[in-house]
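Residues per chain are reported as follows:
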Amino acid sequence: PGHGGNDPGAIGTRGTFEKEVTLDIAHEVARILAGRTNVAVKLTRRDDRFLALDERVALTREAGADLFVSIHAASAPSADARGLSAYILSEKASDSFASRLAQQENQADRFGKPGSFGGGRIVKDILLDLTARHTRHASLAARQLLVEGAGKELRLLENPMRSANFAVLKAPDVPSVLVETGFLSNPRDEEILRDATARRVVSRVLAREIARVISSPAFA
């Protein structure tokens, strides 16, 4: 779950906090996936606490994760943008929308002290291994499968598969995807994401598609 603690993330016009939306969705996704015998789930945070971005990367690597999914509900660069979208790491952004979103998400560390997991070293390792073939291929496959599957039930952002230099996706040896479940800057998306029943639907769809991703040939 993105954000947390003194980092609220986006705040909707009706006062919806992104950090609360993401934590609720992540808990439900984890609960559903825990019912599958072939899936083990770990959350970077289980409560309302702040974690630096490099801490999230380090925790992912220490867990030996097969897939890292960062769950968000940000404020979009344009107020009319709405719908689910997914992003993978790229030094060069796919478009200005993704670039601005990454810049926004990468500012999360301003809310707390830098992480204690050797972030500088990790970033250097990342830059050296940025083109790791398996990680890149699996991240691409995960993004495509997640979006295609989710699009069968949920509204998608126009051009829902994008890429940019998101700090939280920089584990060089773990396929990583950032999912925007919607945008709290859009009144309709906020209405959906602040509704517990609607969040259950989003969670169910994400859990189903994550399970499909890790069962795909790219993760064999």
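Refer to the structure above for everything that follows.
Residues numbered from 1 in each chain as written. Predicted model: local features only at pLDDT ≥ 70, side-chain atom pairs only at ≥ 80, totals over all residues. Heavy atoms only, no water.

Draft legend 1. View of empty space enclosed by the protein. For the coordinates displayed, the defined rule picks out one cavity of 30 Å³ or more. Reported here for the largest cavity is a volume of approximately 60 Å³. Surrounding the largest cavity, Gly2, His3, Asp7, Phe50, Leu51, Leu53, Arg56, Ser70, His72, Glu105, Ala108 and Val168 form its lining. Secondary structure elements with two or more residues in the lining of the largest cavity: α2 (53-62) and β1 (68-72). Split into classes, the residues belonging to the lining of the largest cavity amount to five nonpolar, four polar and three charged. (1 Å grid on protein atoms, 1.4 Å probe; cavity = no way out; pocket = protein on both sides within 12 Å on 5 of 7 lines; lining within 4 Å. Points joined across faces, edges and corners; volume = space filled by probe spheres on them. Helix = DSSP H or I, 4+ residues; strand = E, 2+ residues; numbered from the N terminus. Nonpolar A, V, L, I, M, F, W, Y, C, P; charged D, E, K, R; others polar.)

Draft legend 2. Geometry of the nonpolar core. Counting 37 residues, the largest nonpolar core has Ile25 and Val179 as its most contacted members. For this core, the elements supplying multiple residues, two or more each, are α1 (18-34), β1, β2 (84-89), α5 (133-150), β4 (176-180) and α7 (196-214). Not counting chain neighbours up to four residues away, the residues in contact with Ile25 comprise Ile71, Thr181, Leu193, Arg199, Val202, Ser203 and Leu206. One finds Tyr87, Leu101, Val168 and Phe183 within the second-largest nonpolar core, a separate group that totals 22 residues. (Core = buried A, V, L, I, M, F, W, Y, C linked by side-chain atoms within 4.5 Å. Buried < 20%, exposed > 50% of the residue type's maximum accessible area, 1.4 Å probe, protein only. Contact = heavy atoms within 4.5 Å.)

Draft legend 3. Examining the packing of α5 against α7 more closely. Interhelical geometry of α5 versus α7 gives an angle of 140° and a closest axis separation of 9 Å. Considered as vectors, α5 and α7 are oriented oblique to each other. When you trace α5 past α7, the crossing you get is right-handed. Touching Ala142, Leu145, Leu146, Glu148, Gly149 and Ala150 of α5 are Val205, Leu206, Arg208, Glu209, Ile210, Arg212 and Val213, all from α7. Classifying every residue of the contact of α5 with α7 gives eight nonpolar, one polar and four charged. (Axes fitted to C-alpha atoms, helices over the stretch in contact; angles between N-to-C directions. Parallel < 35°, antiparallel > 145°, perpendicular 65-115°, else oblique. Left-handed = near helix turned anticlockwise from the far one by under 90°.)

Draft legend 4. The arrangement of the pairing of β1 in detail. The buried fraction of β1 amounts to five of the five residues, a majority that puts the element mostly inside the structure. Covered by surrounding structure in β1 are Phe68, Ser70 and His72 together with Val69 and Ile71, the residues of both alternating faces. In this sheet, β4 lies alongside β1 in parallel orientation, the contact comprising five bridges. The residue bridging Ser70 from the neighbouring strand is Leu178, located in β4. (Pairing = 2+ DSSP bridges.)

Draft legend 5. Representation of the packing of α1 against α7 in the model. Contact pair α1 / α7: the axes reach a minimum separation of 8 Å and the direction vectors enclose 50°. Comparing their axes, α7 and α1 come out oblique. Our pair here, α1 against α7, has a crossing hand that is right-handed. Across the interface between the two elements, Val21, Asp24, Ile25, Glu28, Val29, Ile32 and Leu33 of α1 pack against Arg199, Arg200, Val202, Ser203, Arg204, Leu206, Ala207, Ile210 and Ala211 of α7. A class-by-class count of the residues in the contact of α1 with α7 yields 10 nonpolar, one polar and five charged.

Draft legend 6. Representation of α5 within the structure. Relative to the 26 Å expected for 18 residues at 1.5 Å per residue, α5 spans 26 Å between its end C-alpha atoms, a close match to the ideal helical length. At its buried positions, α5 is contacted by β2, β3 (156-164), β4 and α7. (Expected span 1.5 Å × (residues − 1).)

Draft legend 7. Seen up close, the pairing of β2. Most of β2 sits inside the fold, with six of its six residues counted as buried. Judged from the five bridges that link them, β2 and β3 form a sheet pairing that is parallel. Among the inter-strand pairings, Leu84 is bridged to a residue of β3, identified as Leu156. Where β2 and β4 come together, three bridges link them in antiparallel fashion. Bridge pairing links Ala86 to Val179 in β4.

Draft legend 8. Expanded view of the side chain of Arg162. Looking at the element boundaries, Arg162 is found in strand β3. A polar side-chain atom of Arg162 sits 2.8 Å from a polar atom in the side chain of Asp95. Every residue in contact with Arg162, bar those within four places of it in the chain, is listed here: Ala86, Tyr87, Ile88, Ser94, Asp95, Phe97, Ala98, Arg143 and Leu157. (Polar contact = N/O pair within 3.5 Å; in protein donor to acceptor, adjacent residues only side chain to side chain.)

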